[in-house]
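Examination of the molecular architecture
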Number of protein chains: 2
Amino acid sequence: MKHTIYFNGDVGIKDTFTIAGPKEGEGPLANYFHNVLRDDILGQKSHEKAEILMMKSAIKNILNRTDYTTEDIDCVFAGDLLDEITSSNFAMREFPIPFIGLFNACATFCSALIMGAIMITGGYAKRVICATSSHFGTVERQYRYPLELGAQRTPLNQWTVTGAGCTLLEGGEDHRVKLTAATIGKVVDYGVTDSNDMGAAMTPAAMDTWITHFTETGRKPSYYDAIYTGDLGHAGSRLLKKLMLKEGYDLEGIYDDCGALIFNREAQKVGQGGSGTGCSNLVFNSYIYSQMMSGRLKRVLFVPTGALLSRITPLQGESIPGIAHAVALEVK
Amino acid sequence: MKHTIYFNGDVGIKDTFTIAGPKEGEGPLANYFHNVLRDDILGQKSHEKAEILMMKSAIKNILNRTDYTTEDIDCVFAGDLLDEITSSNFAMREFPIPFIGLFNACATFCSALIMGAIMITGGYAKRVICATSSHFGTVERQYRYPLELGAQRTPLNQWTVTGAGCTLLEGGEDHRVKLTAATIGKVVDYGVTDSNDMGAAMTPAAMDTWITHFTETGRKPSYYDAIYTGDLGHAGSRLLKKLMLKEGYDLEGIYDDCGALIFNREAQKVGQGGSGTGCSNLVFNSYIYSQMMSGRLKRVLFVPTGALLSRITPLQGESIPGIAHAVALEVK
């Protein structure tokens with residue numbers, strides 16, 4: 001068994017689309033998002049319905065931008081943080097496209113990219129859409145407290161990103177940004193029990209996947225122009241850098257975290273930064289992809305991280321396992 | 001876009017393993033299960049922890065039976081009905097194997113078979129494990145009422161199967177039972193809102209996937225020795241047969257439903273029959289697989305069905321979308 005696979009055919013990004021919430025639209029990446037919402041309820045009766053609408057809209061928009069119809073898409077891989085991936089299921093009612101639902105918490109977007117690339121290079125699809133979403137209101141209610149309660153936030157908390165995004169993967173040689181390899185993570189649990197400190201819970205999984213990736217590929221971090229984790233936040237990514245240095249990997253100047261990038265931490269009062277299934281998706285499909293398209297980044301290792309808790313598991317005394325998947329992208 | 005794919009390489013079943021709950025162990029398929037539990041709590045403090053233990057045990061047992069170690073397995077595809085697929089995540093803490101979490105409700109086991117077969121025939125894995133579980137106690141508490149409440153059951157209710165099972169898929173020519181094709185379903189919603197009538201909610205999805213499969217492959221139902229849905233139950237499968245007959249497909253004598261097969265309906269007081277992510281898995285990995293191994297069935301179309309609701313969606317006035325995936329298996 002190896003965790004790392006090399007894609008044995010051409011698979012690249014045809015296009016991306018992102019819808020960001022109003023708070024995300026006031027952050028440092030505002031200009032990179034394709035669409036910024038004025039409010040996060042979208043005229044719906046609940047945040048849950050608003051999240052469904054966001055994901056639906058993201059998929060509609062990527063079809064519009066690429067001039068493809070639902071007939072041109074062979075499969076959608078989608079997931080989100082809501083129980084039973086509600087947003088994905090209900091968004092997919094609108095699209096008569098084969099659908100595989102995924103759940104690896106906030107690492108789900110990377111599972112979608114990997115499964116999509118496997119399906120395309122395996123000869124089973126020409127085009128797939130990889131979509132995820134998250135919403136501050138739905139996640140707070142589900143995992144913590146309803147917003148109406150006004151619960152005080154803890155120092156290590158992170159702010160769930162409101163947004164939905166998708167990547168249209170396509171076979172063939174015509175794409176500037178290609179997926180070249182992936183490292184599929186395993187579940188890692190170091191016994192962290194504080195469900196307000198997702199960064200610490202996910203850091204061991206990120207480390208495990210990184211070290212596996214570097215060991216199996218024989219690459220050093222410097223092989224990549226940039227390495228991104230999904231949503232460790234400021235505290236988690238500081239911890240990760242320190243622990244990786246102990247293991248002999250110097251990440252200074254190469255590494256950043258999507259959760260740290262998406263908000264202006266001080267001005268926006270977001271605790272340790274962004275999180276959620278939408279977080280790494282939004283940063284990847286806007287900022288990172290545009291950096292690769294412009295040639296400023298040529299080789300990127302993208303490593304979304306997921307904390308595998310439910311509302312119930314901490315109440316039953318369980319710790320918080322984590323998982324991280326990595327995908328390597330190169331400008332060709 | 002076509003929903004149907006034909007596996008372009010050899011992928012077959014190396015072995016299967018099933019753990020059934022005590023009630024399932026009193027049903028008509030008792031002798032086919034590999035392991036029947038004496039109680040459904042397994043010495044744990046909660047049904048949730050018992051379900052995690054069942055899934056862990058199913059994976060351990062398939063490794064023992066096949067003499068493979070975790071090193072020999074390239075990926076595990078797993079999912080279950082608990083929020084955030086808790087049982088799969090926590091079971092996978094014990095296995096240092098690449099893990100992709102899936103969720104298509106009770107159709108999840110079929111997603112796992114399809115993704116596993118794609119990964120193997122795509123050249124990315126030699127062996128994968130496909131695992132799902134469900135538990136009567138955890139599902140009743142999550143979707144309906146805690147068992148302690150003693151709520152009265154409605155006429156169209158189904159009984160969630162307690163059990164976990166897995167299939168070890170392997171590349172190469174040495175396997176008697178091979179996966180030859182699959183039809184990946186789309187989300188179908190006919191507006192059914194009764195969350196106690198899962199059969200009616202999922203029937204349109206099963207129909208859609210069947211008709212797509214027969215149309216795209218040019219096959220008639222009689223191409224197969226047997227066709228199984230996952231958990232439509234008695235009422236749902238009667239409805240499906242009627243509706244399919246209207247469309248010109250006569251299924252008499254060919255079709256059965258795993259949820260109808262797993263219990264003795266009258267004697268066991270299970271409403272319309274079994275349901276749950278463990279239902280189609282248990283019937284497939286015990287009864288159906290053994291019928292194929294013995295040569296009594298040579299061509300099988302296996303079509304697990306899923307109802308894509310959460311605890312919250314009916315309360316927010318949503319209907320219940322369904323999905324069904326199909327996989328074709330042949331004895332070679």
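Here the structure is a predicted model, which is why all the values come from computation and not from measurement. (Residues numbered from 1 in each chain as written. Chains lettered and ligands numbered in written order. Predicted model: local features only at pLDDT ≥ 70, side-chain atom pairs only at ≥ 80, totals over all residues.)

Here we take up the packing of helix 5 (residues 198-217) of chain A against helix 6 (residues 233-246) of chain A. Residue and element names in this part refer to chain A. Put simply, helix 5 and helix 6 touch, their axes get as near as 9 Å, and they point 40° apart. It follows that helix 5 is oblique to helix 6 by the angle criterion. With respect to the hand of their crossing, helix 5 and helix 6 are arranged in right-handed fashion. Here Gly-199, Ala-200, Met-202, Thr-203, Ala-206, Met-207 and Trp-210 of helix 5 come into contact with helix 6, specifically with Gly-233, Ala-235, Gly-236, Leu-239, Leu-240, Leu-243 and Met-244. Per-class residue counts for the contact of helix 5 with helix 6 are ten nonpolar, four polar and no charged. (Axes fitted to C-alpha atoms, helices over the stretch in contact; angles between N-to-C directions. Helix = DSSP H or I, 4+ residues; strand = E, 2+ residues; numbered from the N terminus. Parallel < 35°, antiparallel > 145°, perpendicular 65-115°, else oblique. Left-handed = near helix turned anticlockwise from the far one by under 90°. Contact = placed C-beta atoms within 7 Å. Nonpolar A, V, L, I, M, F, W, Y, C, P; charged D, E, K, R; others polar.)

Here we take up unusual backbone geometry. Phi is positive for Ile-85 of chain A, close to 35°, though the residue is something other than glycine. With 29 C-beta atoms counted inside 10 Å, the residue Ile-85 of chain A sits in the buried group. (Buried ≥ 20, exposed ≤ 12 C-beta atoms within 10 Å, placed from the backbone.)

Contacts between the two partners involve 54 residues from chain B and, on the opposite side, 54 residues from chain A. Those elements giving two or more residues to the side of chain B that touches chain A turn out to be helix 1 (47-66), helix 2 (86-91), strand 5 (99-101) and helix 3 (108-121) of chain B. The element that contributes the greatest number of residues to the side of chain B that touches chain A is helix 3 of chain B, accounting for five residues.

Once chain B has been moved 0.0 Å along the axis and rotated by 180°, it coincides with chain A to within an RMSD of 0.0 Å. Such a turn and shift between the copies fits a two-fold axis. Residue by residue, 100% of the interface of chain B is reproduced at the interface of chain A, so both copies engage with the same surface. (Least-squares fit on C-alpha atoms with pLDDT ≥ 70 in both.)

All names here are of chain A. Each assigned domain of chain A is listed with its residue range as follows: domain 1 (4-171) and domain 2 (177-331). Using only C-alpha atoms to locate each centre, domain 1 and domain 2 end up separated by 17 Å. In this assembly, 55 residues from domain 1 lie in contact with 55 residues from domain 2. At the level of elements, strand 1 (4-6), strand 2 (11-20), strand 4 (75-80), helix 3 (108-121), strand 6 (127-134), helix 4 (136-143), strand 7 (159-160) and strand 8 (163-171) are the ones that each hand at least two residues to the side of domain 1 that touches domain 2. Its residues placed into classes, the side of domain 1 that touches domain 2 shows 27 nonpolar, 22 polar and six charged. (Domains from an automatic or database assignment.)

With that settled, consider the pairing of strand 16 (residues 326-331) of chain B. Residues and elements named next belong to chain B. Pairing of strand 9 (residues 177-183) with strand 16 involves six bridges; the strand directions are antiparallel. When the sheet's bridge partners are listed, Leu-179 is paired in strand 16 with Leu-329. Sheet topology note: the strand 13 (residues 299-303)/strand 16 ladder contains four bridges and is antiparallel. Opposite Val-300, over in strand 16, you have Leu-329 as the bridge partner. (Pairing = 2+ DSSP bridges.)

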